[in-house]
Amino acid sequence: MAGRDCSRFVIVVSVSVGVVCVVLGFVIGWVASPSGVDDDAYNRWVDALSEEDDDVTKIILEEMKTENIKNYLEHLTSQPHLGGTEEEKETAEYINSLWQEQGLDSSRIIKYDILLSYPRKEQPNYVYILAEDGTQVFRSAAEEAELEHGDRHPKAVPPFNAYAKAATVEGDLVYVNYGRVEDFQKLERELGINMTGKIAIARYGKIFRGDKTNQAFSHGAIGLVLYSDPADYAIDNVTNVYPDSWFLPGTGIQRGNVITVKGDPLTQGYPAKDYMYRYPEDEVILPKIPVQPIGYDDAKRFLERLSGADVPNEWAGNIPGLTYRLGGLENNMKVKLEVNNYNEIRPVHNVVGMIRGSVEPDRYVILGNHRDAWVFGAVDPSSGTSIMLELSRTLGKLVKEGKWRPRRSIVFVSWGAEEYGLMGSYEWVEEFGKTLAERTVAYVNCDSGVTGNYTLRGRSTPNLFNVLYEATSKIPDAPDKGGLLYDNWKKRTTGPSADRPKTPDLGSGSDFRPFLGLIGIPAIDIRYDRDPALGLSSYPLYHTLYETFHLMSAIMDPTFEYHLVLGRLWGEIARMLADRLILPINCTDYAERMKESVQVLKRDYESEMLARSPPITFDAIDSNLERFTLAAGSLHERIDSMDKKDPLAVRAVNDQLMFLERAFIDPMGLPGRPRERHVVFAPSSKNSYAGVAFPGIVDLMFDIENVADPESQWKEVERYMSIVAFTLDSAATTLMDLDVLANE
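Only a predicted model underlies this, so the values are computations on that prediction, with no experimental measurement involved.

### Regarding the sheet that holds strand S15 (residues 440-445)
Logical step 1: Strand order in the open sheet made by the 7 strands is S1-S12-S14-S13-S15-S17-S16, with mixed pairing throughout. The open sheet terminates on both sides in strands that have one partner only, identified here as strand S1 (106-118) and strand S16 (455-460). Geometrically, the sheet is characterised by an average inter-axis angle of 20 degrees between neighbouring strands, direction not taken into account.
Logical step 2: Summarising the sheet, strand S12 (residues 342-355) and strand S14 (residues 408-415) pair through 5 bridges and their orientation is antiparallel. When the sheet's bridge partners are listed, Gly-353 is paired in S14 with Phe-412.
Logical step 3: Against the sheet, helix H11 (residues 423-439) makes contact with S1, S12, strand S13 (360-370), S14 and S15, and its axis sits at roughly 135 degrees relative to S1, the strand it touches most.
Logical step 4: This element, helix H12 (residues 465-472), spans S16 and strand S17 (523-529) of the sheet and lies at about 155 degrees to S16.

### Observations concerning the sheet that holds strand S7 (residues 199-203)
Logical step 1: Reading across from one edge, S6-S7-S8-S10 is the order of the 4 strands in this open sheet, with parallel pairing throughout. Where the open sheet ends on each side, the last strands, each with one partner, are strand S6 (173-175) and strand S10 (291-294). This sheet shows a mean twist of 25 degrees between the axes of neighbouring strands, independent of strand direction.
Logical step 2: One ladder, built from 5 bridges, connects S7 with strand S8 (residues 223-227); its direction is parallel. Each bridged residue has a counterpart across the sheet, and for Ala-202 the counterpart in S8 is Leu-226.
Logical step 3: Running at roughly 145 degrees to S8, helix H7 (residues 209-218) makes contact with S7, S8 and S10 of the sheet.
Logical step 4: Its contacts with the sheet put helix H9 (residues 296-303) on S6, S7, S8 and S10, and the angle it makes with S10 is roughly 110 degrees.

### Brief notes about the packing of aromatic side chains
Logical step 1: Applying the stated criterion across every chain, the model contains 27 aromatic pairs.
Logical step 2: In this structure an aromatic cluster arises from ring pairing among Tyr-118, Phe-160, Tyr-163, Tyr-342, Trp-374 and Tyr-420.
Logical step 3: Between the NZ or CZ atom of Arg-346 and the centre of the ring of Tyr-118, over which it lies, the distance is 3.8 Å.

### Re the packing of helix H3 (residues 55-63) against helix H10 (residues 382-400)
Logical step 1: Between H3 and H10, the shortest axis-to-axis distance is 10 Å and the interhelical angle comes to 130 degrees. Relative to H10, the element H3 lies oblique. The interaxial crossing formed by H3 with H10 has right-handed handedness. Contact residues: Val-56, Ile-59, Ile-60 and Glu-63 in H3; Glu-390, Arg-393, Thr-394, Leu-395, Lys-397 and Leu-398 in H10.
Logical step 2: Tallied by class, the residues present in the contact of H3 with H10 amount to 5 nonpolar, 1 polar and 4 charged.

Parameters at a glance
- Residues numbered from 1 in each chain as written.
- Predicted model: local features only at pLDDT ≥ 70, side-chain atom pairs only at ≥ 80, totals over all residues.
- Heavy atoms only, no water.
- Pairing = 2+ DSSP bridges.
- Helix = DSSP H or I, 4+ residues; strand = E, 2+ residues; numbered from the N terminus.
- Axes fitted to C-alpha atoms, helices over the stretch in contact; angles between N-to-C directions.
- Contact = heavy atoms within 4.5 Å.
- Phe/Tyr/Trp six-rings, centres within 6.5 Å; stacked < 30°, edge-to-face > 60°.
- Lys NZ or Arg CZ within 6 Å of the ring centre and 35° of its normal.
- Parallel < 35°, antiparallel > 145°, perpendicular 65-115°, else oblique.
- Left-handed = near helix turned anticlockwise from the far one by under 90°.
- Nonpolar A, V, L, I, M, F, W, Y, C, P; charged D, E, K, R; others polar.

Below is the structure:
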């Protein structure tokens, strides 16, 4: 018995010593040579905690080539490719094939069936002047004249305003300046003109054409004629125009949609898949009056026949030899507006390509540009498309050659039918919204990449300001500018003594909108732009037949250096967001921009609010905004001092940074605008192009004493102020420690 116990003791001791030796050997081996234990596990651990490789920036900058961008643009502008057409599908297939060749890990085409709008070539849209006896005095042109060889193409769509009601109306003509709210108010309240039963003629510019249409209808107009005035599109001289310069000729006509809902009108809130229920057209929001664009040569024929008082000085345009008057027409003439558009459900295609992340493949940095164009689209959107294709080639090459793979996944998306109302992007976000909200770091948009050669125009949500500033500090500006892009951007937007460049709020008008407005994904929008001092409403040949390869290659950017600058910037923004260990998202910049915005609200509305009984105050908003500011500062202090060798801690703070924007989403939407859900930033309800801070308050306070029921409106103001205060408080909690639920 004693002998067996002794033997058992010896065995136990021997086994114990052996286990200790094995463990010690494992530990010593791990310390001495980690790869000897498990190379793959060790390398993954190192990758998970590694900082970015700054050398990649230099490689990207050197790899991108102007000649490639030029070649892409020439191909893209070789034929019109309007949304919903076979040519638009062909460009989708071209990009999909190209991305597969370039080395992206995956690429596919996603189709939606969307209600689109087209003119009838066999029944053109016209605007007529009729004599008192009904005989025709003048008829507008159905198409634009060919001014440069190759301008005309059998597939080019005639000028029209998409979704304008098909109808023929007759009536007096009244000039309404830009067709803004304030213009119609001035007509009615100061100039004594009632628009009921009349046809309005408005110049393009200042606000979205769909908002002009809504305002005309809401003030009683039965139709709207749009034109581009030389004061806004040909400021040099009406003789110095395309094809000799970039200014608009008198025959140029701007196309564009006039619908104010975004995404497929028949499936609002849900993707336009083949199985989705569709509302009948007469039950959805579509324009209620006919609208047609014309050139300023034709517009002169209408405006010179207007009688009545001269317009206010600030309303006068610059058509040579014309005295601008309010209307109606002289000698009892009338205007007849004939619109024969039709709506049809057609296929729309998005192309989605991905470079899979090496460490966090479930975190997406999305780069987007729309592909469809009203005609050739050399500026809008193909300058941006050609840049994106060179960027995807560059990043794909680095991946194929094994020189680099991003930490997080980079997703490239080519949107379809953006020109019809952000169709492709809205449908995609509606289809994949839950996945995108869970996984997307940021959306970076480039629509019209080069709309001038003066300076960068960078817009973003405030938490990405620093990404723009840092990225532009690494990018050389075009050779004729010299220096760094950041310095020139700052100098030309805010002045050399300013702390930062001008970074406007995001409105709408491009594909960042559904990401920010529906699901709260931070966004950036970039382009190289014109000098604002020129006073142009947009680049002059916007949405016309003359937006050709000749325009870009011979006039706007012959060397394609501005395209290259923007491509390099886009690439560096993507690399920073995809590669940096701690996401470069800054919450304190958000706090500062909100404080500035609240001060603007107080300047505009506080005196009226305080005059109420009881007074409506900003006290709760101020208090909760201060709480948000403290939480933001505290989060960044914790990040600075945290253990960055703890992958779970890194992931946790990155999630807090990434999800901040989601905290500003109200599922109930803005007052009267349920599809706009971002409480802090949204498009103006009076101009969809412009961004407004705290839009719900701005909308409710607009002209409040002249609404149908001011008292009810004031109650809604008070209610909504509390929602804003709650949203700020809720957002602050997302930035706090994990024990926020247990601690006061």
